[in-house]
Amino acid sequence: MISLMFIVMFALIFIGIPVYLSIVGSGVIFLITTGIKPLLLVSQKMTMGLDSFPLLAIPLFVLVGEIMDGGGISKRMINWADSLMGWVPGGLGVVTIVSCAIFAALTGSGPATVAAIGSIIIPSLTDAGYDKTTSAGMVAAGGALGPIIPPSIPMIIYGVTMGVSIPKMFIAGIL
């Protein structure tokens, strides 16, 4: 039965249906084939799963990241970090990590940090003589700070899923 679900899911993905709808479709087909009658249960569980106040932080973090990137705050943050740390040997590399840490702390997302900061700083790093792999590695390492620095999306998801206090997790992340 499980193999049928995966076959249906991959078939739906292959014909161009979005992944989230393919997963829902394969789940519904599983419920139909196993004889579970109340398909109303699917819609109820989907809406009840969205009724979580802490999970509201995730789309809001993404929105903040988009607003910051569109408003040019990312560039200003890089300039500020450059004014603080640019004098250090290897200063542009340090600026990259500091900028990523600040952006990750504000948005809570590692991938958003890599996208926003990387699009600005990688050309600067390559112009300064860093090769592309080193530049990409520095931005990726800086983006990896996103899940560690509170508030972070993985901490929120873990806290909601496991029933752990999210503020206590943030305090633990700071310590």
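### Here's the deal with the overall build of the protein chain
Thought 1: Along the protein chain, the regular secondary structure elements total 10 helices and 0 strands.
Thought 2: When its helices and strands are written in sequence order, the protein chain yields α-α-α-α-α-α-α-α-α-α.
Thought 3: Relative to the compact-globule value of 16 Å for 175 residues, the protein chain shows a C-alpha radius of gyration of 21 Å, a clear excess of over 25%.
Thought 4: Projected onto its principal axes, the C-alpha coordinates of the protein chain cover approximately 70 × 40 × 25 Å.
Thought 5: Summed over all atoms, the accessible surface of the protein chain reaches about 10500 Å², with 76% contributed by carbon and sulfur.

### Topic: the side chain of Ser22
Thought 1: Here Ser22 shows up in helix 2 (residues 19-34).
Thought 2: The exposure class of Ser22 is buried, given its relative accessible area of 0%.
Thought 3: At a separation of 3.4 Å, a polar atom in the side chain of Ser22 contacts the main-chain carbonyl oxygen of Ile17.
Thought 4: Ignoring any residue separated from it by four or fewer positions in sequence, one finds Ser22 in contact with Met9, Leu12, Ile13 and Ile17.

### Points about the environment of Pro154
Thought 1: Secondary-structure assignment places Pro154 in helix 9 (residues 153-162).
Thought 2: Owing to a relative accessible area of 41%, Pro154 belongs among the partly exposed residues under this scheme.
Thought 3: Residues Pro154 and Ile58, 96 residues apart in the sequence, show an inter-C-alpha distance of 9.3 Å.
Thought 4: Beyond its immediate stretch of four places on either side in the chain, Pro154 contacts Gly108 and Pro147.

### Quick notes on the environment of Ile122
Thought 1: Relative to the assigned elements, Ile122 resides in helix 7 (residues 110-127).
Thought 2: Its relative accessible area of 25% is what places Ile122 among the partly exposed residues.
Thought 3: Linking Ile122 and Thr96, residues 26 residues apart in sequence, is a C-alpha distance of 8.9 Å.
Thought 4: Residue contacts for Ile122: discarding those within four places in its chain leaves Ser135, Ala136 and Val139.

### Describing the environment of Ala57
Thought 1: For Ala57, the position within the fold is in helix 4 (residues 57-70).
Thought 2: C-alpha of Ala57 to C-alpha of Ser152: the two residues are 95 residues apart in sequence and 9.4 Å apart in space.

### Overview of the confidence of the model for the protein chain
Thought 1: With 98% of its residues at a pLDDT of 70 or more, the protein chain has an overall mean of 82.
Thought 2: Per-element averaging of pLDDT across the protein chain places helix 3 (residues 40-49) at the bottom with 74 and helix 8 (residues 132-143) at the top with 89.

### Notes on the nonpolar core
Thought 1: Ranked by internal contacts, the top residues of the largest apolar core, which has 13 residues, are Ile78, Val95, Phe103, Ile117 and Ile121.
Thought 2: For this core, the secondary structure elements donating two or more residues are helix 5 (73-85), helix 6 (91-107), helix 7 and helix 8.
Thought 3: Among the elements that line this core, the one with the most residues is helix 7, at 4 residues.
Thought 4: Beyond its immediate chain neighbours, meaning those up to four positions away, Val95 contacts Ile78, Ala81, Asp82, Met85, Gly86 and Ile121.

The rules we used
Residues numbered from 1 in each chain as written. Predicted model: local features only at pLDDT ≥ 70, side-chain atom pairs only at ≥ 80, totals over all residues. Heavy atoms only, no water. Helix = DSSP H or I, 4+ residues; strand = E, 2+ residues; numbered from the N terminus. Rg over C-alpha atoms; globule rule 2.2 N^0.38 Å. Areas by Shrake-Rupley, 256 points an atom, 1.4 Å probe, with all protein chains shown as cover. Buried < 20%, exposed > 50% of the residue type's maximum accessible area, 1.4 Å probe, protein only. Polar contact = N/O pair within 3.5 Å; in protein donor to acceptor, adjacent residues only side chain to side chain. Contact = heavy atoms within 4.5 Å. pLDDT = per-residue confidence, 0-100. Core = buried A, V, L, I, M, F, W, Y, C linked by side-chain atoms within 4.5 Å.

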